[in-house]
Amino acid sequence: MSGYARALRVLVVGAGVAGISAARGLLRDGHDVTVFERRPDVRAAGGAVTIWSNGDSVLGQLGVDMDGAGRRLASVRAVTSTGRRLATLDVTTMARRLGAPVRMVPRRVLLDRLLDGFPTERIRCNSRVIALAGTGDGVRVDFGDGSTVEGDVLIGADGLHSVVRECVGAQGARPTGWCSWQGLAAVPEVADSDAGLMIIGAHGNLGLWPAGGTDVQWWFDLPWSYDFVRPQRPIELIRSHFSGWSDPVDRVLATLTDDDLARSPFPHFRHPIPRAGRGPVTLLGDAAHTMPPTLAQGTNQALLDTMVLCKALADVRRGTTGRGTDVSRALRWYEKTRRRKVMAVSWMASLPVSHGESVLRPAALISDRVQASALTTFLRVTSHRRMSAQISRNLGVVAKIPSSP
Ligand SMILES: Cc1cc2nc3c(=O)[nH]c(=O)nc-3n(C[C@H](O)[C@H](O)[C@H](O)COP(=O)(O)OP(=O)(O)OC[C@H]3O[C@@H](n4cnc5c(N)ncnc54)[C@H](O)[C@@H]3O)c2cc1C
């Protein structure tokens, strides 16, 4: 088929950040989009995520108003568990070079902002996808209640244990051997800051990052394997590892209880990035590339997927893509365009963080400027900068170069 005069019927599986952002972009581009969510409602739980400049730019393209959401970061300080200085990243300068702010945003706030102005009648809750089938030039989705729906395109945005991923035969996720105990806590004296703190030890590491208002995003990373047995009093386990690492850490540990740890730990998984798919089905967000949270890039990568996928399908609709004019080719272009960049990010996110002092000490000799510059370059190179700038220009999105947070 050469170009689609009509809107594509797009079926999105999963109403997480990835699914809603993709649906938002595709609705903006005039497609006929329906989102299917297995849960009875659309609600984000858990702590906060870091929205880096690459993700913030896409949120701008999606018309999501992030003003006042969470807390803008000005710097990130890394030290060893004995208090030895490792680096201080000047995030304000990085953000200026990348053209958009960096902020910590509670997941709940991010999803609320994504849903602001979103036509909620486009989301069908209590719809658990169990199987897919081809229909000639489209796709059929089967639900747990026996109902079915057909569309032109299916986007699997159903997260780490994606059914869509399984249906297309892509390999499942593997644990990395680590996990995060993570959440938000109201600790005003630690939250009242625009600096993130990371402390790295030989057998674990932690972070305390302000997340807006009085909230602090805390995380404690420890080794994990499938034979992990949850302790009766997890707070004692966490305190035994991390007490005494610094004053703010002790203050946060003093406020945490076993209830705060109830949803943790979150084991870190990593997907092998799938090769090009087939037909009208593709993957997006964690379903495509779950990665450890080390670089805090998961959500940002889902937003970049959204940007590239929307471009691919907008080009199909206009019949202007030079890469072929049918849906399947557009999806393959999307997958190919994303693959190498997301592989680089996933690889980087999987490098071990915890090290002993003997390894960390030489790293501390690298100047802050070089470290910040290396990370900025890495984010530039992996974020489709030129495409993003072009899309923002076409949409008339004004770059929000941050002054001081
Ligand atoms: C501890 C931890 C910390 C993190 N920190 C950061 C960070 O700082 N910065 C960052 O950018 N990222 C971070 N991430 C990653 C980030 O959370 C994800 O990359 C991001 O939320 C993308 O999620 P998603 O929408 O792809 O998947 P999900 O949020 O898992 O959403 C998938 C949705 O699909 C639904 N679903 C699943 N199966 C079906 C089915 N069969 N039928 C219908 N619906 C279905 C689910 O109910 C869910 O609503 C972190 C992750 C972890 C675990």
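In short, a report on the structure. These numbers come from a predicted model, not from an experiment.

Criteria and cut-off values
- Residues numbered from 1 in each chain as written.
- Predicted model: local features only at pLDDT ≥ 70, side-chain atom pairs only at ≥ 80, totals over all residues.
- Heavy atoms only, no water.
- Near = heavy atom within 4 Å.
- Polar contact = N/O pair within 3.5 Å; in protein donor to acceptor, adjacent residues only side chain to side chain.
- Areas by Shrake-Rupley, 256 points an atom, 1.4 Å probe, with all protein chains shown as cover.
- Helix = DSSP H or I, 4+ residues; strand = E, 2+ residues; numbered from the N terminus.
- Salt bridge = Lys/Arg side-chain N within 4 Å of Asp/Glu carboxyl O.
- Buried < 20%, exposed > 50% of the residue type's maximum accessible area, 1.4 Å probe, protein only.
- Pairing = 2+ DSSP bridges.
- Phe/Tyr/Trp six-rings, centres within 6.5 Å; stacked < 30°, edge-to-face > 60°.
- Contact = heavy atoms within 4.5 Å.
- Axes fitted to C-alpha atoms, helices over the stretch in contact; angles between N-to-C directions.

**Some points on the site of the ligand**
Here is step 1 of the chain: Taken together, 31 residues lie around the ligand, and Ala18, Glu37, Arg107, Asp286 and Thr299 are the ones closest in.
Here is step 2 of the chain: Here Val17 contributes a backbone N or O atom positioned 3.3 Å from an oxygen atom of the ligand.
Here is step 3 of the chain: The contact in question runs from an oxygen atom of the ligand to an N or O atom on the backbone of Gly298, over 3.3 Å.
Here is step 4 of the chain: Expressed as a share of its isolated accessible area of 1000 Å², the protein-covered part of the ligand is 87%.
Here is step 5 of the chain: Those elements giving two or more residues to the shell around the ligand turn out to be helix 1 (17–28), strand 3 (48–51), strand 13 (174–186) and helix 10 (298–318).

**Things to note about the pattern of salt bridges**
Here is step 1 of the chain: Using the criterion set out here, one finds 16 salt bridges in the structure.
Here is step 2 of the chain: One salt bridge connects Asp368 with Arg85, and the closest N-O pair in it is separated by 2.4 Å. Taken together, the positions of Asp368 in helix 13 (residues 368–381) and Arg85 in strand 6 (residues 85–90) put the pair 283 residues apart, joining distant regions of the chain.
Here is step 3 of the chain: With relative accessibility at 43%, the residue Arg85 sits in the partly exposed group.
Here is step 4 of the chain: For Asp326, the salt bridge identified is with Arg329, shortest N-O distance 3.9 Å.
Here is step 5 of the chain: Salt bridges sharing common partners tie together Arg233, Glu236 and Asp258.

**Some words on the pairing of strand 10 (residues 139–143)**
Here is step 1 of the chain: Most of strand 10 is tucked away, with four of its five residues classed as buried.
Here is step 2 of the chain: When strand 9 (residues 129–134) meets strand 10, the two strands line up antiparallel, connected through five bridges. For Val129, the partnering residue across the bridge sits in strand 10 and is Phe143.
Here is step 3 of the chain: Sheet topology note: the strand 10/strand 11 (residues 148–151) ladder contains four bridges and is antiparallel.

**Observations regarding the packing of aromatic side chains**
Any pair of aromatic rings gets described here by the distance separating the centres and the angle formed by the planes.
Here is step 1 of the chain: With the rule as written, the count across this model stands at eight aromatic pairs.
Here is step 2 of the chain: One aromatic cluster is present, built from ring pairs that chain together Trp218, Phe220, Phe242 and Trp245.

**Some thoughts on the sheet that holds strand 4 (residues 71–72)**
Here is step 1 of the chain: An order of 3-7-4 is seen for the three strands of this open sheet, with the pairing classed as antiparallel. Edge positions in the sheet fall to strand 3 and strand 4, since each has one partner strand and no second.
Here is step 2 of the chain: Of the pairings in the sheet, the one linking strand 3 to strand 7 (residues 103–106) comprises four bridges and is antiparallel in character. Considered in strand 7, the bridge of Ala48 is made with Pro106.
Here is step 3 of the chain: Contacting strand 3 and strand 7, helix 4 (residues 107–115) crosses the sheet at an angle of about 85° to strand 7.

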